[in-house]
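# A structural walkthrough
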Amino acid sequence: MPAKSQAQQKAAGAALSAKRGDAKVGALKGASKSMYKSMDEKELAEMASTKRKGKPEHKSDS
């Protein structure tokens, strides 16, 4: 599933980095921490690889 915002894409990238062992899990906060726990590496890679062009910085709630 592709990311819906730039912030979601960045959080997935941080979680993926921790999942692969390149970053410390303890450094994760908020959305990236929950993504790390709930998604597998394939899902994170797919979300993190989403193109940012045309995506809002944050998804609106409406």
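Attention in this report is confined to the structure presented alongside it.

### A word on the overall build of the protein chain
Counting its regular elements, the protein chain contains three helices and zero strands. When the helices and strands of the protein chain are placed in sequence order, the string is α-α-α. Computed over C-alpha atoms, the radius of gyration of the protein chain comes to 11 Å, within 12% of the 11 Å expected from 2.2 N^0.38 for 62 residues, which places it in the range of a compact globule. Counting every position in the protein chain, which comprises 62 residues, the buried fraction comes to 27%. As presented, the protein chain carries roughly 4400 Å² of accessible surface, and 52% of it is formed by carbon and sulfur atoms. Separation of charge centres in the protein chain, based on 14 positive and 7 negative side chains, amounts to 4 Å.

### Some points on the packing of helix 1 (residues 6–20) against helix 2 (residues 30–38)
Between helix 1 and helix 2, the least distance of the axes is 8 Å, while the angle of their chain directions is 50°. In terms of axis orientation, helix 1 runs oblique to helix 2. Here helix 1 and helix 2 pass one another in a crossing that is right-handed. For the pair helix 1 and helix 2, the contacting residues are Gln-8, Ala-11, Ala-12, Ala-14, Ala-15, Ala-18 and Lys-19 in the first and Ala-31, Ser-32, Met-35 and Tyr-36 in the second. Broken down by class, the residue content of the contact of helix 1 with helix 2 amounts to eight nonpolar, two polar and one charged.

### Focus on helix 1
Between its first and last C-alpha, helix 1 extends 21 Å over 15 residues, near the 21 Å set by a 1.5 Å rise per residue. Among the residues of helix 1, Gln-6, Gln-9, Ala-11, Ala-12, Ala-15, Leu-16 and Ala-18 are the ones counted as buried. Immediately beyond the C-terminal end of helix 1, within one or two residues, lies Gly-21, with a positive phi of roughly 90°.

Definitions and limits used
- Residues numbered from 1 in each chain as written.
- Predicted model: local features only at pLDDT ≥ 70, side-chain atom pairs only at ≥ 80, totals over all residues.
- Heavy atoms only, no water.
- Helix = DSSP H or I, 4+ residues; strand = E, 2+ residues; numbered from the N terminus.
- Rg over C-alpha atoms; globule rule 2.2 N^0.38 Å.
- Buried < 20%, exposed > 50% of the residue type's maximum accessible area, 1.4 Å probe, protein only.
- Areas by Shrake-Rupley, 256 points an atom, 1.4 Å probe, with all protein chains shown as cover.
- Lys, Arg positive; Asp, Glu negative; His and termini not counted.
- Charge placed at Lys NZ, Arg CZ, Asp CG, Glu CD.
- Axes fitted to C-alpha atoms, helices over the stretch in contact; angles between N-to-C directions.
- Parallel < 35°, antiparallel > 145°, perpendicular 65-115°, else oblique.
- Left-handed = near helix turned anticlockwise from the far one by under 90°.
- Contact = heavy atoms within 4.5 Å.
- Nonpolar A, V, L, I, M, F, W, Y, C, P; charged D, E, K, R; others polar.
- Expected span 1.5 Å × (residues − 1).

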